[in-house]
Amino acid sequence: MKPLYLAFIVLTLALLGFSTYQALVVAPTEQTMGDVQRIFYYHVPSAWVAGVCFFVNFLASAYYLWKKSLDADALAAASAEVGVVFCTIVLITGPIWARPVWGIWWTWDARLTTTLVLWLIYVSYLVLRRFAAGSQTQTLAAALAIFGFVDVPIVYMSIRWFRTQHPSPVMGGGENSGLDPVMLHAFLWNLLAFTCIGICLIVARYRLQRMENRVEAAHANLALEGGAR
Amino acid sequence: MSGIVALKAAYTVTIVVQLGYIWYLVGRYRRVRSELKDLERSK
């Protein structure tokens, strides 16, 4: 493990500890919902990291289609997998937050439904990469990633375009939106910490993908050498 | 479900999912590394 990466992991862990303290202790209790509102401090950052991962996946897939770069393909695979992990967290913590606040676990409103569709698109992407055989797999996966990314802005805009059960944007949502400064401070620390976790995981997964590519290439070479003898 | 129980449950889920994924990556990394070593030995 490279020292720079190790230092980044240590920094991320320190940030995670500090941001958790900010979310659970320093941030004031919200008046209407009470303590359960603190789920916000990792539900929203998880959604942010998932969105960023899918954006990286989109860029890497487009680059792969353009240059046929295996490194870009490895980055696309890594970012999609990490994105699915964070999107899973969003889809589980959301209903846990909804139950005491809305009285229901789930409703088919625009934000929830488009997020579930997003998760299904990227799970399909991973299944395609895992089980499809042949030289076209990476190209097909890249094409799916580019079309799949269309859902990301729809998820983001869904609470602006439609009247939904899901609350309107807390920040940047018009005159009555906004956060208490202490809450905003705690939220930004969590956003930073989760972004760092996302970067750590993408880097680890990217390296793993490159190692797997090397193994695959070595197996192919051995098979060719065996066939030539 | 009370608020504090929901908060603890959501927090636990977040940690479990992240640690589970790290565990999965470590396992996969070990497999690939041993496979690479085997390939180098067989050359």
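Residues numbered from 1 in each chain as written. Chains lettered and ligands numbered in written order. Predicted model: local features only at pLDDT ≥ 70, side-chain atom pairs only at ≥ 80, totals over all residues.

Description of the overall build of chain A
So, step 1. Within chain A, the secondary structure is distributed over seven helices and zero strands.
So, step 2. The principal-axis extent of the C-alpha atoms belonging to chain A is close to 75 × 40 × 25 Å.
So, step 3. Residues classed as buried in chain A amount to 36% of the 229 residues present.
So, step 4. Expressed as a percentage of contacts within chain A between residues at least 6 apart in sequence, the contacts between residues at least 24 apart total 75%. (Helix = DSSP H or I, 4+ residues; strand = E, 2+ residues; numbered from the N terminus. Buried ≥ 20, exposed ≤ 12 C-beta atoms within 10 Å, placed from the backbone. Contact = placed C-beta atoms within 7 Å.)

Quick word on helix H4 (residues 110–131) of chain A
Residue and element names in this part refer to chain A.
So, step 1. Taking 1.5 Å as the rise per residue, H4 with 22 residues should run 32 Å; its terminal C-alpha atoms sit 31 Å apart, in good agreement.
So, step 2. When H4 is considered as a whole, its buried residues turn out to be Arg 111, Leu 112, Thr 114, Thr 115, Leu 118, Ile 121, Tyr 122, Tyr 125 and Arg 129.
So, step 3. Buried residues in H4 make contact with helix H2 (40–67), helix H3 (70–102), helix H5 (137–148) and helix H6 (151–161). (Expected span 1.5 Å × (residues − 1).)

Considerations on the interface of chain A and chain B
So, step 1. In this complex, chain A contributes 26 residues to the contact, which on the side of chain B involves 20 residues.
So, step 2. Secondary structure elements with two or more residues in the side of chain A that touches chain B: H3 and helix H7 (181–228) of chain A.
So, step 3. Broken down by element, the side of chain A that touches chain B gets its largest block of residues, ten residues, from H7(A).
So, step 4. Residue composition of the side of chain A that touches chain B, by class: 17 nonpolar, three polar and six charged. (Nonpolar A, V, L, I, M, F, W, Y, C, P; charged D, E, K, R; others polar.)

Remarks on the nonpolar core
Generally speaking, a soluble globular protein has its nonpolar side chains buried in company with each other.
So, step 1. Judged by nonpolar contacts, the single largest core of 59 residues is most densely connected at Ile39(A), Ala50(A), Cys53(A), Ala76(A), Phe86(A) and Tyr122(A).
So, step 2. Every element with two or more residues in this core is listed here: H2, H3, H4, H5, H6 and H7 of chain A together with helix H1 (3–42) of chain B.
So, step 3. Residues within four places of Ala50(A) in sequence aside, it is in contact with Gly83(A), Phe86(A), Cys87(A) and Val90(A). (Core = buried A, V, L, I, M, F, W, Y, C linked by C-beta atoms within 7 Å.)

So, the environment of Trp161(A)
So, step 1. In this fold, Trp161(A) is placed in helix H6.
So, step 2. Along the backbone, Trp161(A) and Leu144(A) are 17 residues apart, and their C-alpha atoms lie at a distance of 25 Å.

Details of H2(A)
So, step 1. With 28 residues, H2(A) extends 40 Å between its outermost C-alpha atoms, agreeing within 8% with the 40 Å of an ideal straight helix rising 1.5 Å per residue.
So, step 2. Positive backbone phi, at 55°, marks Lys68(A), one or two positions downstream of H2(A).

Things to note about the confidence of the model for chain B
So, step 1. Per-residue pLDDT for chain B has a mean of 91; in total, 95% of the residues score no lower than 70.
So, step 2. The ipTM assigned to the predicted complex is 0.92, against a pTM of 0.92. (pLDDT = per-residue confidence, 0-100.)

Regarding the packing of H4(A) against H6(A)
For any two helices packed against each other, the geometry comes down to the angle between their axes and how far apart the axes lie.
Residues and elements named next belong to chain A.
So, step 1. Between H4 and H6, whose axes approach to 8 Å, the crossing angle comes to 165°. In terms of axis orientation, H4 runs roughly antiparallel to H6. Crossing of H4 against H6: the hand is left-handed. Together, Ala 110, Arg 111, Thr 114, Thr 115, Val 117, Leu 118 and Ile 121 of H4 and Asp 151, Val 152, Ile 154, Val 155, Ser 158 and Ile 159 of H6 make up the contact between the two elements. (Axes fitted to C-alpha atoms, helices over the stretch in contact; angles between N-to-C directions. Parallel < 35°, antiparallel > 145°, perpendicular 65-115°, else oblique. Left-handed = near helix turned anticlockwise from the far one by under 90°.)

A look at the packing of H3(A) against H4(A)
Residue and element names in this part refer to chain A.
So, step 1. Contact geometry of H3 with H4 gives a least axis separation of 10 Å together with a crossing angle of 145°. Crossing of H3 against H4: the hand is left-handed. Where H3 approaches H4, its residues Ala 77, Ala 80, Glu 81, Gly 83, Val 84, Cys 87, Thr 88, Val 90, Leu 91 and Gly 94 are matched on the opposing element by Leu 112, Thr 115, Leu 116, Leu 118, Trp 119, Tyr 122, Val 123, Tyr 125, Leu 126 and Arg 129.
So, step 2. Of the residues that constitute the contact of H3 with H4, the class distribution is 14 nonpolar, four polar and two charged.

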